[in-house]
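Each chain, written out:
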Amino acid sequence: MADVIALTYEISPDDFTRAGEASSDVKSKLKQVGVSPAAIRKVAIAMYEGEINMVIHAKGGKITVEISPEEIRMILADRGPGIPNVEQAMQAGWSTAPDEVRSLGFGAGMGLPNMKKYTDNMSIETELGVGTTITMVVKL
Amino acid sequence: MTVEELIGKGIFQVVVEGDDLSREITGIFCCDLLSVAMGRAPSMSAWVTVMGNVNTIAVATLADVACVILAENAQPDDMCRARAQQQGVTLLATEEPVFEAALKVHQLIHG
Ligand SMILES: Nc1ncnc2c1ncn2[C@@H]1O[C@H](COP(=O)(O)OP(=O)(O)O)[C@@H](O)[C@H]1O
Ligand SMILES: [Mg+2]
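The structure displayed is predicted, hence computed values, not measured ones.

Draft legend 1. Here's a closer look at the overall build of chain A. Looking only at helices and strands, chain A has five helices and five strands in total. For chain A, the C-alpha radius of gyration of 14 Å lies close to 14 Å, the compact-globule estimate for 140 residues. Considered along the principal axes of its C-alpha atoms, chain A spans approximately 40 × 30 × 25 Å. For chain A, the proportion of its 140 residues judged to be buried stands at 48%.

Spelled out as structure tokens, the structure:
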């Protein structure tokens, strides 16, 4: 287990200006350890979408990224409102994002579908009023 | 065509010169929805959008596009400009609408 690198990030709520910093940092760290550009792109896209969702929908949270020789595992945990209907939320185009978020270019309802598309494995644990934990794996 | 060569044509206003001007531009991508651009903009593309906020730069970096072109005279806000500088993203601007801006790049690439 010694060759697993773990990174953690606190994501602050409602701060769009900082959204993307965690994903960018992971991206440059993956570059340093020699992960392929294709895998880096997948991780960057999936993590940014998850990060943005934590900012918009969930009052921030915590992201843990585990890098091993076999895979990159991203665990995004928030204490937001939870997702009432995961199947519906996963549909491309479904969004509850408010208008001001939309005017920034977000809220297209493509986040969760992108996260699924760009990872090899994605699971969502969510409980109303408690929070959501999304785990995504990109295989190397 | 490289980013430097595109800048050299003088058809776009240069807001920020990025770190890697030798990057090749092989295509164009047009969209304002960040999640769509994020998932679909090819790396090495010139991304044409009217969205001039700091998140545009985050998406440009993560999707690894060659440069961003703000069309329709969209003004990047200060934070967008600062982030582009910090991340080394080339940010260009034009008064042209999205289609015309993209068409110009297309014609330059394909002769
Ligand atoms: N972490 C989360 N906590 C609560 N709700 C969420 C979370 N992530 C996504 N959702 C819900 O799922 C919907 C779809 O998410 P997504 O596909 O990323 O689209 P968008 O963020 O553009 O609305 C959101 O509009 C929101 O209702
Ligand atoms: Mg989203």
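After that view, the rundown keeps rolling.
Draft legend 2. Region of interest: unusual backbone geometry. Non-glycine residue A:D14 carries a positive phi angle of around 55 degrees. Under the relative-accessibility criterion, A:D14 is labelled exposed at 60%. In the Ramachandran plot, B:D64 falls in the positive-phi region, its phi being about 65 degrees despite a non-glycine side chain. Along the chain, B:D64 falls in the loop between α3 (54-63) and β4 (67-70).

Draft legend 3. Region of the structure containing the packing of aromatic side chains. Residue and element names in this part refer to chain A. Within this structure, the stated rule accounts for two aromatic pairs over all chains. Judged by centre distance (5.7 Å) and plane angle (20 degrees), the ring pair of F16 and F106 falls under stacked. In this pair, F16 sits in the loop between β1 (5-11) and α1 (21-32) while F106 sits in the loop between α4 (99-102) and α5 (111-117), placing the two residues 90 residues apart along the sequence. Taking the centre distance of 6.5 Å and the plane angle of 50 degrees together, the rings of Y48 and F106 count as tilted. Here Y48 is found in helix α2 (residues 37-57), whereas its partner F106 is found in the loop between α4 and α5, with 58 residues between them in sequence.

Draft legend 4. Inspection of the environment of A:L30 at higher detail. Relative to the elements of secondary structure, A:L30 occurs in helix α1. Assessed through its relative accessible area of 0%, A:L30 is described here as buried.

Draft legend 5. Main features of the pattern of salt bridges. The tally for this structure, following the rule as stated, stands at seven salt bridges over all chains. Note that A:K27 is salt-bridged to B:D64, the shortest N-O span being 4.0 Å. In this pair, A:K27 sits in helix α1 while B:D64 sits in the loop between α3 and β4, so the two residues belong to two different chains. Take B:D64: its relative accessible area is 34%, and that puts it in the partly exposed class. Two residues, B:E96 and B:K104, come together in a salt bridge whose shortest N-O distance is 2.4 Å.

Draft legend 6. Fine view of the site of ligand 1. All names here are of chain A. The local shell around ligand 1 holds 19 residues, among which N53, H57, S95, T96 and G109 are the closest. In this structure, G107 approaches ligand 1 through a main-chain N or O atom, which is 3.4 Å from an oxygen atom. At 3.2 Å, a backbone N or O of A108 approaches an oxygen atom of ligand 1. When ligand 1 is considered free in solution it has 540 Å² of accessible area, and contact with the protein chains removes 95% of it. Among the elements of the structure, α2 and α5 are those that each provide at least two residues to the shell around ligand 1. If one sorts the elements of the shell around ligand 1 by residue count, α5 sits on top with three residues.

Draft legend 7. Here's a closer look at the interface of chain A and chain B. Taken together, the contact pairs 22 residues of chain A with 24 residues of chain B. Summing both partners gives a buried area of about 1700 Å² for chain A against chain B, and 53% of it is carried by carbon and sulfur. Three residues, A:T17, A:R41 and A:Y48, lead the burial of chain A against chain B; their summed loss comes to 28% of the area buried on that side. Viewed at the interface, chain B and chain A are joined by two salt bridges. Applying the counting criterion to the chain A and chain B interface returns nine residue pairs in polar contact (both at pLDDT 80 or more). For the side of chain A that touches chain B, the elements supplying multiple residues, two or more each, are α1, α2 and α5 of chain A. Sort the elements by how many residues they give to the side of chain A that touches chain B and α2(A) lands first, with five residues.

Rules and cut-offs
Residues numbered from 1 in each chain as written. Chains lettered and ligands numbered in written order. Predicted model: local features only at pLDDT ≥ 70, side-chain atom pairs only at ≥ 80, totals over all residues. Heavy atoms only, no water. Helix = DSSP H or I, 4+ residues; strand = E, 2+ residues; numbered from the N terminus. Rg over C-alpha atoms; globule rule 2.2 N^0.38 Å. Buried < 20%, exposed > 50% of the residue type's maximum accessible area, 1.4 Å probe, protein only. Phe/Tyr/Trp six-rings, centres within 6.5 Å; stacked < 30°, edge-to-face > 60°. Salt bridge = Lys/Arg side-chain N within 4 Å of Asp/Glu carboxyl O. Near = heavy atom within 4 Å. Polar contact = N/O pair within 3.5 Å; in protein donor to acceptor, adjacent residues only side chain to side chain. Areas by Shrake-Rupley, 256 points an atom, 1.4 Å probe, with all protein chains shown as cover. Contact = heavy atoms within 4.5 Å. Buried area = accessible area lost by both parts, 1.4 Å probe.

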